[in-house]
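Survey of secondary and tertiary structure
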Amino acid sequence: GIARPSISPVGIDLGLNTLITTSDGLEIPHPRFLRKAEEKLKHAQRTFSRKQKGSKNQGKARHKLAVQQSKVKRRRTDFNHKLSTSLVKEHDLIVFEDLRIKNLVKSHMLASSIHDAAWGQLVGFTEYKAARNSGTFVKVPAPFTTQECDFCGALNIVPLDVREFECVNCHRILDRDVNAARIVLKRGIAQVGRDTPELT
């Protein structure tokens, strides 16, 4: 088909604090059930690892752990289906940062693996739904998305825990995640070779 200019493009920053932040400033927090589930999973894993190998109790603990894991999976899948559907309905160009970079964020293993799974699944769902709805889906490299100023392009060296900062060059106050999502969008548009819409 003919490449039509995108009417409602969006860039998406994946985060540990919020699940996604979009280039138009929407923040979707990590669903609460992930946090709650982490606690229960940790407990189930500890219980399982304390039981004697091959004992009846270990079998029960293994079953409990499996039940917890499948509950988390089911809820996450449901949540990501709904979120990806609404993204595809509202946007004809969707740009995500490439996830591989995020594997560096191994804070403590269990939490980050749950986040990784949530991100990976969300990206996967969005990709195939976009294709099905003749939308465009793009992944762009993630380095420096949080540090490059969306307005002037200057690089700001900012510690990870700083949520808002003033650009060293143009002195605009930037929200770290929204700024990152806008950079992701710009990179996506450049990659697709479309005209950049005016971002106000």
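Residues numbered from 1 in each chain as written. Predicted model: local features only at pLDDT ≥ 70, side-chain atom pairs only at ≥ 80, totals over all residues. Heavy atoms only, no water.

What to know about the overall build of the chain
Note the threshold: Numbering of helices and strands runs from the N terminus; a helix is a DSSP stretch of H or I covering at least four residues, while a strand is a stretch of E covering at least two. To sort residues, take the accessible area from a 1.4 Å probe on protein chains only and compare it with the maximum for the residue type: under 20% means buried, over 50% means exposed, and anything in between is partly exposed. Note on definitions: a residue-residue contact is assigned when non-hydrogen atoms from the two residues lie within 4.5 Å. Here, Shrake-Rupley sampling with a 1.4 Å probe gives the accessible areas, and only protein chains in the shown set may cover a residue.
Within the chain, the regular secondary structure consists of four helices and seven strands. Counting helices and strands in the order they occur from the N terminus, the chain gives β-β-β-α-α-β-α-β-β-β-α. Classification of the 200 residues of the chain by burial places 43% in the buried group. Across the chain, contacts joining residues at least 24 apart in sequence account for 64% of those joining residues at least 6 apart. When the accessible area of the chain is evaluated, it comes to approximately 11500 Å², of which 54% is carbon and sulfur surface.

Some thoughts on the nonpolar core
How we decide: Each nonpolar core is a collection of buried residues, namely Ala, Val, Leu, Ile, Met, Phe, Trp, Tyr and Cys, held together in the definition by side-chain atoms within 4.5 Å.
Formed by 18 residues in total, the largest nonpolar core has its most connected members in Ile-20 and Phe-96. Every element with two or more residues in this core is listed here: β1 (9–14), β2 (18–22), α2 (56–90), β4 (93–97) and α3 (109–132). Among the elements that make up this core, the one with the highest residue count is α3 (five residues). Apart from residues lying up to four places away in sequence, Phe-96 is in contact with Ile-12, Leu-14, Leu-87, Leu-122, Val-123, Thr-126, Phe-137, Val-138, Lys-139, Val-140 and Val-184. Residues Val-95, Val-140, Val-184 and Leu-185 belong to the second largest nonpolar core, which totals seven residues.

What to know about the sheet that holds strand β5 (residues 136–140)
How we decide: By this definition, two strands are paired if DSSP reports at least two bridges between them. Note on geometry: axes are lines fitted to C-alpha atoms, helical ones only across the stretch in contact, with angles between N-to-C directions running from 0 to 180 degrees.
On the basis of which strands lie adjacent, the open sheet formed by five strands has the order β3-β2-β1-β4-β5 and mixed pairing. What marks the edges here is a single partner per strand, and that holds for β3 (27–29) and β5. This sheet shows a mean twist of 20° between the axes of neighbouring strands, independent of strand direction. Across three bridges, β1 lies against β2 in antiparallel orientation. Within β2, the residue paired with Asp-13 across the bridge is Thr-21.

Here's the deal with unusual backbone geometry
A positive phi is found at Phe-144, a non-glycine position, where the angle reads about 70°. Its place among the elements puts Phe-144 in the loop between β5 and β6 (164–166). In the Ramachandran plot, His-171 falls in the positive-phi region, its phi being about 65° despite a non-glycine side chain. Along the polypeptide, His-171 turns up in the loop between β6 and β7 (173–175). Take His-171: its relative accessible area is 49%, and that puts it in the partly exposed class.

Some details on the side chain of Ser-84
The cut-off we apply is this: The term polar contact refers here to a pair of N or O atoms within 3.5 Å; inside protein, the definition further demands a hydrogen-donor-capable atom paired with an acceptor-capable atom, and it admits residues adjacent in sequence only when both atoms are side-chain atoms.
For Ser-84, the position within the fold is in helix α2. Here Asn-80 takes part through its backbone oxygen, which lies 2.7 Å from a polar atom of the side chain of Ser-84. Once you skip the residues sitting within four places of it in the chain, Ser-84 turns out to touch Leu-122, Phe-125, Thr-126 and Lys-129.

Considerations on the environment of Asp-24
Within the secondary structure, Asp-24 sits in the loop between β2 and β3. Look at Asp-24 and you get exposed, because its relative accessible area is 54%. Residues Asp-24 and Asn-179, 155 residues apart in the sequence, show an inter-C-alpha distance of 9.7 Å. One polar contact links Asp-24 to Thr-22, side chain to side chain, over a distance of 2.5 Å.

As for the side chain of Asn-80
Assignment of secondary structure puts Asn-80 in helix α2. Those residues in contact with Asn-80, other than ones at most four positions away along the chain, are Leu-19, Ala-118, Gln-121, Leu-122 and Phe-125.

So, helix α4 (residues 176–192)
Applied cut-off: Multiplying 1.5 Å by the helix residue count minus one yields the expected span of that helix.
Between its first and last C-alpha, α4 extends 24 Å over 17 residues, near the 24 Å set by a 1.5 Å rise per residue. For α4, a buried count of twelve out of 17 residues is recorded, marking the element as mostly surrounded by other parts of the structure. Looking at α4, one finds that the buried residues are Arg-176, Asp-177, Val-178, Asn-179, Ala-180, Ala-181, Arg-182, Ile-183, Val-184, Leu-185, Gly-188 and Ile-189. Where α4 is buried, its residues meet β1, β2, β4, β5, β6 and β7. At the N-terminal end of α4, a side-chain oxygen is found 3.0 Å from the backbone nitrogen of Asp-177, two or three residues along, and the residue is Asp-175. Taken from the residues just after α4, Gly-193 is the one with a positive phi, measuring 75°.

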